[in-house]
Protein chains: 2
Amino acid sequence: MSIIFSRQCEYALQATSYLALKPAGKMTTIKELTKKLNIPYHFLGKILQNLTYKGLLNSQKGPTGGFSLGMPAQEITLYHIVDAIDGNDFMTKCVMGFPECTGKNPCAVHEKWGGLRDGIYSMLVNKNIAQIAKEMKKPEFRLLVD
Amino acid sequence: MSIIFSRQCEYALQATSYLALKPAGKMTTIKELTKKLNIPYHFLGKILQNLTYKGLLNSQKGPTGGFSLGMPAQEITLYHIVDAIDGNDFMTKCVMGFPECTGKNPCAVHEKWGGLRDGIYSMLVNKNIAQIAKEMKKPEFRLLVD
DNA sequence: CTAATTTAAGACAAGTAAGTCTGAATAAAC
DNA sequence: GTTTATTCAGACTTACTTGTCTTAAATTAG
């Protein structure tokens, strides 16, 4: 049972963050990503393909090929990734699953959840992967880059 | 793709809330719940069985049988239900899925997510299903109880 | 005791997410 | 042009979640 985001989405967040550690335009192979992040090879391939299709990444085939960020790391927020993979259902649906729950017909935790949900949203929107990468370089969080 | 809680868990929250609308000890059949809440009959049966096994509900077989709350509605919080069905993974796991992310080795959103997660936790713990039922009776949220 | 009604239990089916495998397309290097 | 390394694409498998069906067990009412 995954927590709030799908496994795919978690992998996507991790992989893009890792790419943000590299100089802009530098190509990184699936092999390297898969090894450093412990993500199944072909599964990650599909995820990156998807992100490439959505414009968040660039890809190049052949030797020296791989993936790089499709725009400056400062411009890619966590929300971009989450939205591309999982969509924004969590922003609109009732947390208790009541189909009849809306703003005009709110369930008992509608307001409370609304605040928390907005908090999650702003966390995702206000955090870009350049910041993430910077934090990842700190000795507190060791995810070795070669 | 369900939002934060599993479908089962959403059903459990809805069903227990509905039971809290009834006088304490009053038995309600799966048939009634399934009809009012639009939840698949046998699937709901299994969920209620599980909640009964965990002590949150009472059950009785035979005519006049059904389910009722296993303790006073004021004492059953949303967290009791969520924990019984989905467990508490969302309280402990990294939101980005980093296995190496811990308090000592925090990912870039560890702190921020920690605050939000605690907000969700306190929403769940501070809301009991008597309160939920009370809100559900308001005309704003119409879920007819004959 | 019998009939009717309900939960209990388990096998099964369908749907979705996760992961694997193989071969094609592309591009670099020699 | 051949070789090699890589992404691209699709079929396939596996695992998990959700939903269905059938029968057994329990309990009430007559």
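Residues numbered from 1 in each chain as written. Chains lettered and ligands numbered in written order. Predicted model: local features only at pLDDT ≥ 70, side-chain atom pairs only at ≥ 80, totals over all residues. Heavy atoms only, no water.

Residue and element names in this part refer to chain A. Structurally, the position occupied by N126 is in helix α6 (residues 110–126). Among the residues examined, N126 registers a relative accessible area of 55% and is labelled exposed. In the structure, N126 is positioned 48 residues away from L78 in sequence and 8.0 Å away in space, judged by C-alpha atoms. (Helix = DSSP H or I, 4+ residues; strand = E, 2+ residues; numbered from the N terminus. Buried < 20%, exposed > 50% of the residue type's maximum accessible area, 1.4 Å probe, protein only.)

Let us look at the relation of the copies chain A and chain B. Of the two same-sequence chains, chain A is brought onto chain B (RMSD 0.0 Å, axial shift 0.0 Å) by a rotation of 180°. Expressed as an axis order, the relation between the two copies is that of a two-fold axis. Of every C-alpha in chain A, the one belonging to I4(A) sits nearest the axis of rotation, 2.3 Å from it. Both copies contact each other with a shared surface, as 100% of the interface residues of chain A are interface residues in chain B too. (Least-squares fit on C-alpha atoms with pLDDT ≥ 70 in both. Contact = heavy atoms within 4.5 Å.)

Quick look at the interface of chain A and chain B now. Each side of the interface is counted separately: chain A has 41 residues, and chain B has 41 residues. Where chain A abuts chain B, roughly 3700 Å² becomes buried across the two surfaces, and 74% of that area is made up of carbon and sulfur atoms. At the boundary of chain A and chain B, one finds zero salt bridges. Linking chain A with chain B are six residue pairs in polar contact (both at pLDDT 80 or more). Of all elements in the fold, only α1 (7–20), α4 (78–86), α5 (89–92), α6 and α7 (129–137) of chain A reach the threshold of two or more residues within the side of chain A that touches chain B. (Buried area = accessible area lost by both parts, 1.4 Å probe. Salt bridge = Lys/Arg side-chain N within 4 Å of Asp/Glu carboxyl O. Polar contact = N/O pair within 3.5 Å; in protein donor to acceptor, adjacent residues only side chain to side chain.)

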